[in-house]
Amino acid sequence: MDSQADRVLGREKKLTNAVIGFIFLLSGIEYAVILPTIWMYLQSLDAEPFYLGLVLSAFSFTELLVGPLFGYWSDRTGKTKSVIILSNCFEIAGNFMYFVGISKWFLLCSRLVAGFGSGAGASIFGYLTRVSSTKERAAVFAMAMACRQVGLLIGPAFNVFLRYSNFKLGPFHVNKFSAPGIFMCVLWTLMQPLVVFMFHDSSLKYLKTEEDEYDPLLVNETENSNEGCNRVYGAINYNGNQTIGTPFSSANDTAALLSHSSEDDLDASFPNTIKDQDHKNFEKVCPNGQLSELLREEVVVLLAAQFVTLFNQTALETLVTPLAQTYLGFQDLHNSLLYFMCGIEMLIGFLVVRILSRCSSDRLLLAFGLFICNISCIWCLVFMAKPRGSYGILLAEFVVGVFLQVLGLPFVSVCQVSLFSKVTAENTQGFNHGFRRSIGGLATILGPLWAAGLTDDLYIMLGVMMSLLVLLTAMVCFSYRSLIDPNSSEIQSQ
């Protein structure tokens, strides 16, 4: 009977993971399909140049707002599937509005509506956190991000035939500008039945049922008078109720367990589903609210990593095209090849992180990624702020700078997300990831605005980016001992 239940669970998890992969794939395709023609689309609607910034920022703006709300919803109800279905409806509506495109304001509203659809990302990351062990979490997140990267790579291929669109669809004229909207509307519509029939919240419910079998018959309800929280092994919720695990009368009991039990002993004493819970966070999580947990030292450092990484990435993405055109004479084809090669490098980087995460700690990979990013920013500040030399030298300096920047991104982006999921309470992962993605959304709004306004003064632009990286590196160094999985055996050596 148990083996049959295990087979059912395994099949449901595989189907659910496939759906999640397709969702990330479509998000990457949407970005790659719409971005190349959006400026020309706006020009055809008599839009001023600043509308491009507004439309590009609109998607991130709504994601910033709804991410924590959708995450909180999935935390409270445990129904990630419902969140995804609703968010896909927003994607369908937003892309259809983009297809209709009756005015520049309507186009702006279309991206605002589609941005609501991206809010499900927080719930998905929360779901992946709850159904994966801490050891495999970085690998799981790396694969999810790799799926989006694949979408970014294959997205331009669809533009090959979309650019030749010129026909009537009812009262609407389909051309190369509006075709990406109806194309993505169809893809997100096809995604809905996959979510309905293949995504299973029941795999998470089954996981909780297994854990409940190990709940104690007698529970010590004594509370610590100083902190006002029950001492429990495992995650706790914010109303003071125990969710899973075995209670302990004091922190000394927990310390004794950690000091006298090896990792193998823990493996034998507790099932993996219990062992993988964030059992150190019970000392930090109290009923004063979810936001208080996000103000802890290690959490602030990881949120800073999220902001600085995306701010610098989007700023450099904004800078690359005009810089390559001015000094290297790159045109559309050259830029397409450049972005394609960067996408290949980043995809390989995600796969490398997935492999290394099995034998290295998240904080070590994060530190390596930050080291590469610092080297990249120094290189850009020295060689690209005021380019000199022959065409060959300029091309080499440009390629090395871009290569180093892309090389460090997978390490920082995957490891900071993985660590964030481990140092925050598991029962609020949806809200936590929503807040984290809101910080990232703010960075993706400010980064291009910062770069676009200082393309003629690269020393100031790159200097501020370098200062942010140095500040982040210092924060990681000072908080290095705190950036650790609470379930890891490394904690015994500190």
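Provided above is the structure to which this section pertains.
Nothing here was measured: the structure is a model prediction, and the numbers come from that model.

A. Expanded view of the overall build of the chain. Helix and strand counts for the chain stand at 18 helices and two strands. Taking all contacts inside the chain whose residues are at least 6 apart in sequence as the whole, residues at least 24 apart take part in 81%.

B. Examining the environment of V140 more closely. Examined against the element boundaries, V140 turns out to sit in helix α6 (residues 137-162). The class for V140 is partly exposed, based on a relative accessible area of 24%.

C. Representation of a nonpolar patch on the surface. A cluster of nonpolar residues, Y31, L35 and L56, forms a patch on the protein surface that exposes about 260 Å² of accessible area. Locating L35 in the fold gives a position in helix α1 (residues 2-44).

D. The arrangement of the pattern of salt bridges in detail. Within the structure shown, the criterion is met by six salt bridges. In this structure, R130 and D75 form a salt bridge, with 3.2 Å as the shortest nitrogen-oxygen distance. Taken together, the residues span a long stretch of sequence, with R130 in helix α5 (residues 120-131) and D75 in helix α2 (residues 50-77) at a distance of 55 residues. Judged by its relative accessible area of 15%, D75 is buried. Where K422 meets D362, a salt bridge forms, and the shortest distance between an N and an O atom there is 2.6 Å.

E. Examining the packing of helix α3 (residues 80-100) against helix α4 (residues 104-117) more closely. Between α3 and α4, whose axes approach to 7 Å, the crossing angle comes to 165°. Judged on the interaxial angle alone, α4 and α3 are roughly antiparallel. When you trace α3 past α4, the crossing you get is left-handed. In contact with S87, F90, E91, A93, G94, N95, M97, Y98 and V100 of α3, α4 contributes F106, L107, C109, S110, R111, V113, A114, F116 and G117. Grouping the amino acids of the contact of α3 with α4 by side-chain chemistry returns 11 nonpolar, five polar and two charged.

F. Up close: α3. With 21 residues, α3 should cover 30 Å at 1.5 Å per step; its first-to-last C-alpha distance of 31 Å lies within 8% of that length. After α3 finishes, the residue G101 shows a positive phi value of roughly 50°.

G. Unusual backbone geometry, seen in detail. Of note in this structure, D46 is not a glycine but carries a positive phi near 60°. Checked against the element boundaries, D46 lands in the loop between α1 and α2.

H. Representation of empty space enclosed by the protein. Counted by the stated rule, this structure contains three cavities of 30 Å³ or more. By volume, the largest cavity is sized at about 80 Å³. The wall of the largest cavity is formed by L323, A324, Y327, L328, F383, M384, P387, L394, E397 and F398. Mapped onto the lining of the largest cavity, the elements with two or more residues apiece are α13 (297-328), α15 (362-384) and α16 (391-423). Among the elements that take part in the lining of the largest cavity, α13 stands out by supplying four residues, more than any other. The residue makeup of the lining of the largest cavity, split by class, is nine nonpolar, no polar and one charged. The volume enclosed by the second largest cavity comes to roughly 60 Å³. Listing elements by their share of the lining of the second largest cavity, those giving two or more residues are α13, α15, α16 and α18 (458-478). Within the lining of the second largest cavity, the residues separate by chemical class into seven nonpolar, three polar and no charged.

I. A look at the packing of α2 against α5. One can describe the packing of α2 onto α5 by two numbers: an axis separation of 7 Å at closest approach and a directional angle of 40°. When the interaxial angle is binned, α2 and α5 end up oblique. As for the relative orientation of α2 and α5, their crossing is right-handed in sense. Of α5, the residues touching α2 (which contributes G67, F70, G71, S74 and D75) are A120, A122, S123 and R130. When the residues that make up the contact of α2 with α5 are grouped by side-chain class, the tally is three nonpolar, four polar and two charged.

J. Examining α4 more closely. Here α4 is 14 residues long and its end C-alpha atoms lie 21 Å apart, about the 20 Å a rise of 1.5 Å per residue gives. By the burial criterion, the buried members of α4 are K104, L107, L108, S110, R111, A114, G115 and G117. Mapping the buried residues of α4 onto a view down its axis gives an arc of 155°, with all of them on the same face.

K. Structural view of the nonpolar core. Counting 96 residues, the largest nonpolar core has F398, M461, L462 and M465 as its most contacted members. Ranked by residues supplied to this core, first place goes to α13 with 15 residues. With 13 residues, the next largest nonpolar core counts I34, Y98, L107 and L108 among its residues.

L. The packing of aromatic side chains, seen in detail. Counting across every chain of the model gives 17 aromatic pairs. Taking 5.8 Å as the distance between ring centres and 20° as the angle between the ring planes, the aromatic pair formed by F307 and F311 counts as stacked. Of the two residues, F307 and F311 both sit in helix α13, four residues apart, roughly one turn of that helix. Plain terms: the ring middles of W379 and F383 are 4.3 Å apart, the flat faces sit at 40° to each other, and that makes the pair tilted. Residue W379 and its partner F383 are located together in helix α15, separated by four residues, close to a single helical turn. These aromatic residues form a ring-pair network of at least three members: F24, F125 and F141. The ring of Y31 has R148 lying over it, and the distance from NZ or CZ to the ring centre is 5.8 Å. Above the plane of the ring of F125 lies R436, whose end atom (NZ or CZ) is 5.1 Å from the centre.

M. Highlighting the side chain of E30. For E30, the location among the structural elements is in helix α1. Looking at E30, the relative accessible area reads 2%, which means it is buried. Within the structure, the side chain of E30 is placed 3.2 Å from the side chain of R111, a separation counted as a polar contact. Not counting residues up to four positions away in its chain, the partners in contact with E30 are F59, E91, N95, R111, A114, M184 and W188.

Reading the values: the criteria
- Residues numbered from 1 in each chain as written.
- Predicted model: local features only at pLDDT ≥ 70, side-chain atom pairs only at ≥ 80, totals over all residues.
- Heavy atoms only, no water.
- Helix = DSSP H or I, 4+ residues; strand = E, 2+ residues; numbered from the N terminus.
- Contact = heavy atoms within 4.5 Å.
- Buried < 20%, exposed > 50% of the residue type's maximum accessible area, 1.4 Å probe, protein only.
- Patch = residues over 30% accessible without salt bridge, like charges linked within 9 Å, V, L, I, M, F, W, Y side chains within 5 Å.
- Areas by Shrake-Rupley, 256 points an atom, 1.4 Å probe, with all protein chains shown as cover.
- Salt bridge = Lys/Arg side-chain N within 4 Å of Asp/Glu carboxyl O.
- Axes fitted to C-alpha atoms, helices over the stretch in contact; angles between N-to-C directions.
- Parallel < 35°, antiparallel > 145°, perpendicular 65-115°, else oblique.
- Left-handed = near helix turned anticlockwise from the far one by under 90°.
- Nonpolar A, V, L, I, M, F, W, Y, C, P; charged D, E, K, R; others polar.
- Expected span 1.5 Å × (residues − 1).
- 1 Å grid on protein atoms, 1.4 Å probe; cavity = no way out; pocket = protein on both sides within 12 Å on 5 of 7 lines; lining within 4 Å.
- Points joined across faces, edges and corners; volume = space filled by probe spheres on them.
- Arc of directions from axis to C-beta.
- Core = buried A, V, L, I, M, F, W, Y, C linked by side-chain atoms within 4.5 Å.
- Phe/Tyr/Trp six-rings, centres within 6.5 Å; stacked < 30°, edge-to-face > 60°.
- Lys NZ or Arg CZ within 6 Å of the ring centre and 35° of its normal.
- Polar contact = N/O pair within 3.5 Å; in protein donor to acceptor, adjacent residues only side chain to side chain.

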